[in-house]
Amino acid sequence: MAELQKAEITGTPALNGTYISEMDMWPFETQEFNRIYPFYDNLRAGKFTTTKCKKCGHVTYPPQVICPKCWAEELEWVELPQRAKVVTLTETQAGAPIGFEPPLIMAWLTFGEKSPLKHLLGRIIHCKEGELKEGDEVKFVTFSVPAHPIEVKKDTKICDRVFYAFEPVK
Amino acid sequence: MAQKKNAVIVGGGTSKFGVRQAHILDMIQEAARACANDIPGLKPADIDGLIVATTMAGRHSSALNTAPLVVHRLGLKPTSLCIRLDTLCAGSNSAVIVAKGMIESGIAEVILITGAEKVYMPQRWETNYTQLAVNDHDWDSAMGLGVPPPFFAMIAKMHMKRYGTTKEQMAHVSVTNYAYGDGHVNGHFAGRTLTMEQALEARLIADPFGLYDCCPLSDGASAIIVASEERAKAMSDKPLVYLRGTGQHATHSMSAGWPGDTLAEWPHLKKAGEVAFKNAKLTPKDMDVIQTHDCFTISEIIELEELGFCNKGEGGAFAASGAIGINGVIPTNTDGGLLVYGHPFGASGARQAIEICKQLQGRAIHQVKNAAFGLTHNLSGTCAQHTVVVYGKEPVK
Ligand SMILES: [Zn+2]
């Protein structure tokens, strides 16, 4: 009876404790599911990278499998600037998507004239509400995010994951 | 070669928009019934093409291949076209572009376009969470970009900084749209009124937006009939409203590809508008009434600029001058728009088309005198794509 009540509350007993990738808030980062997996390997090494076209020289973000400018397949990994300036920002207290702790601070960042990456929407962490100002400098920072399982024949492999954000330069 | 046919919008209707106690397929049936009420000569057997515009049906209603479900529930037997289409907030407006081409080419004769969303789930968190999947999930969404207010709040801050736009000017948009919403009983906020004081004193949602600067997310469905001129005449004696020109422009999916100098410039909308006006052989000056994507008050202000109804940067002052009112230079969102009628993503474009159809047929609730030319516009995603359709009482010659 107790079991039945629990099932009624959780809704889909068959899925209890199951990883549902369709509801995952983070990317598939592993080689099994992504051809741009070096981006995530580079994140683990503290590097912010993307792909550059060997044919036309175009640097794109996010990294790709073909160059969006000339459709060449010959691409190489290059590093991007890790410092950016806050153009404008927004702080969310209520209504942040589940998984993002309020205050959720997002900023419109610019990377300077010389950077191939001109602007980006970046999450700002390690920062209190009201602390960040327009014109402030922020820097790239990485952190781990929850791992997920994948089936490899009869075994389960656990894929560790990482992601990036920005933090104020103090 | 056979001569190109003319495509017209015959009429349409919506379900009640709001937080609904209904399944997405229930609401589509309500919208189809409302559409038939609007076009007494319409028989389901006349419909040879179906386009279903929805974004969330797959995730929220477990209805990935939605069109056959609609075929079954509406008793249709389409022979020319039966598809689901998704461009998020521009779904049914995109469907108008497809329908126009299908009818002008003679492939289809009578197309039903229905747009619908079931947004609200048994637990409210799931709606916000689903929003992570409508942006560029692995990149912007992983930064926390889900529901739109934070992104558009940054757009508003930038527009205020660069062009001096004020909260009062933005409030003029919401107050005007609430006045237009009066009488539209199916609107999400039907029966509500708004004063300048209420707009300016409302609780903060995302600085600088108060509650009334933001449109609601809505459950709801809309349905319209797009047909050849000949078939339209056979099913309705109302004035013909022609689909004159369309434009759709997308430039990116995530923030790194934003095409403007800053967030306050939307060159991709400017381009979509130029293409639509060129195809329609008209200019912004020819327009009598327009429906633009007022997901936020600032959106309507920037759309007035980029679509060419005022100079860049002057949208705030233009709106506040009364230009968007019923006796203004360009009455805008005359059924209350997204701000008041509500916003079930895939349903909004067709809802706008219904209002332009009624305006040009001279039977709108807030009728613009002698309206002959009109326009609908949707943006989709985090302002990644723009869709524009131009209508007229005469076809392009
Ligand atoms: Zn290239």
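Residues numbered from 1 in each chain as written. Chains lettered and ligands numbered in written order. Predicted model: local features only at pLDDT ≥ 70, side-chain atom pairs only at ≥ 80, totals over all residues. Heavy atoms only, no water.

Colleague: How should I be thinking about the sheet that holds strand β3 (residues 75–79) of chain A in this particular structure?
Modeller: All names here are of chain A. Here 3 strands make up an open sheet; going across it, the order is β2-β1-β3 and the pairing antiparallel. One side of each edge strand has no neighbouring strand; the edge strands of this open sheet are β2 (59–60) and β3. Two elements, strand β1 (residues 49–53) and β3, share 5 bridges in a ladder whose sense is antiparallel. The residue of β3 that forms the bridge with threonine 51 is tryptophan 77. (Pairing = 2+ DSSP bridges. Helix = DSSP H or I, 4+ residues; strand = E, 2+ residues; numbered from the N terminus.)

Colleague: So what exactly am I meant to see when it comes to the packing of aromatic side chains here?
Modeller: Here the distance between the centres and the angle between the planes together describe a pair of aromatic rings. All names here are of chain B. Going through the model one piece at a time under the given rule, you end up with 30 aromatic pairs over all chains. Ring centres of phenylalanine 152 and phenylalanine 296 lie 4.9 Å apart, and the angle between their planes is 25 degrees; this geometry places the pair in the stacked category. With phenylalanine 152 in helix α6 (residues 149–163) and phenylalanine 296 in the loop between β9 (289–291) and α11 (297–306), this residue pair connects regions lying 144 residues apart in the sequence. Overall, the relative accessible area of 2% leaves phenylalanine 152 in the buried class. (Phe/Tyr/Trp six-rings, centres within 6.5 Å; stacked < 30°, edge-to-face > 60°. Buried < 20%, exposed > 50% of the residue type's maximum accessible area, 1.4 Å probe, protein only.)

Colleague: Explain the domain arrangement of chain B here, please?
Modeller: How big an interface is tends to be stated in terms of accessible area lost as the parts join. Residues and elements named next belong to chain B. For chain B, the assigned domains read domain 1 (7–123 + 219–235) and domain 2 (144–216 + 246–391). Using only C-alpha atoms to locate each centre, domain 1 and domain 2 end up separated by 23 Å. Taken together, the contacts link 34 residues of domain 1 with 37 residues of domain 2. Carbon and sulfur atoms make up 63% of the surface buried where domain 1 meets domain 2, a total of about 2600 Å² over both sides. When residues of domain 1 are sorted by the area they lose upon contact with domain 2, Phe17, Cys89 and Asn93 head the list and together hold 26% of the total. Here domain 1 and domain 2 share 1 salt bridge between them. The closest approach of N and O atoms between arginine 363 and aspartate 38, which form a salt bridge, is 2.9 Å. Connecting domain 1 to domain 2 are 16 residue pairs in polar contact (both at pLDDT 80 or more). Secondary structure elements with two or more residues in the side of domain 1 that touches domain 2: β1 (7–14), α4 (91–104), β4 (110–117) and β7 (220–228). A per-element tally of the side of domain 1 that touches domain 2 places α4 first, with 7 residues. Partitioning the side of domain 1 that touches domain 2 into residue classes produces 15 nonpolar, 14 polar and 5 charged. (Domains from an automatic or database assignment. Contact = heavy atoms within 4.5 Å. Buried area = accessible area lost by both parts, 1.4 Å probe. Salt bridge = Lys/Arg side-chain N within 4 Å of Asp/Glu carboxyl O. Polar contact = N/O pair within 3.5 Å; in protein donor to acceptor, adjacent residues only side chain to side chain. Nonpolar A, V, L, I, M, F, W, Y, C, P; charged D, E, K, R; others polar.)

Colleague: Which parts of the structure should I look at to understand the pattern of salt bridges?
Modeller: Any two side chains of opposite charge can pair, given that their charged atoms come close. One pass over the full model with this rule turns up 18 salt bridges over all chains. Where Arg161(A) meets Asp24(A), a salt bridge forms, and the shortest distance between an N and an O atom there is 2.9 Å. Separated by 137 residues along the polypeptide, Arg161(A) in strand β8 (residues 155–168) and Asp24(A) in the loop between α1 (2–10) and α2 (38–44) bring together distant segments of the chain. Residue classification places Arg161(A) among the buried residues on the basis of a relative accessible area of 4%. Residue class for Asp24(A) comes out buried when judged on its relative accessible area of 11%. A salt bridge links Glu305(B) to Lys312(B); the shortest N-O distance between them is 2.8 Å. The buried category is assigned to Glu305(B), whose relative accessible area is 5%. One network of salt bridges, with partners in common, ties together Glu29(A), Asp41(A) and Arg44(A).

Colleague: What is the right way to read empty space enclosed by the protein from this model?
Modeller: Where empty space is left becomes clear once a probe the size of a water molecule has been rolled over the atoms. Per the stated rule, a full pass over the model turns up 2 cavities of 30 Å³ or more. Looking at the largest cavity, its volume works out to about 50 Å³. Taken together, Trp108(A), Asp140(B), Leu145(B), Phe151(B), His252(B), Ser253(B), Met254(B), Ser255(B), Trp258(B), Thr382(B) and Ala384(B) make up the lining of the largest cavity. When the residues that make up the lining of the largest cavity are grouped by side-chain class, the tally is 6 nonpolar, 4 polar and 1 charged. Counted as a void, the second largest cavity has a volume near 40 Å³. Around the second largest cavity sit Ile9(B), Val10(B), Ala232(B), Ser236(B), Lys238(B), Pro239(B), Leu240(B), Val241(B) and Gln361(B), which together line it. Broken down by class, the residue content of the lining of the second largest cavity amounts to 6 nonpolar, 2 polar and 1 charged. (1 Å grid on protein atoms, 1.4 Å probe; cavity = no way out; pocket = protein on both sides within 12 Å on 5 of 7 lines; lining within 4 Å. Points joined across faces, edges and corners; volume = space filled by probe spheres on them.)

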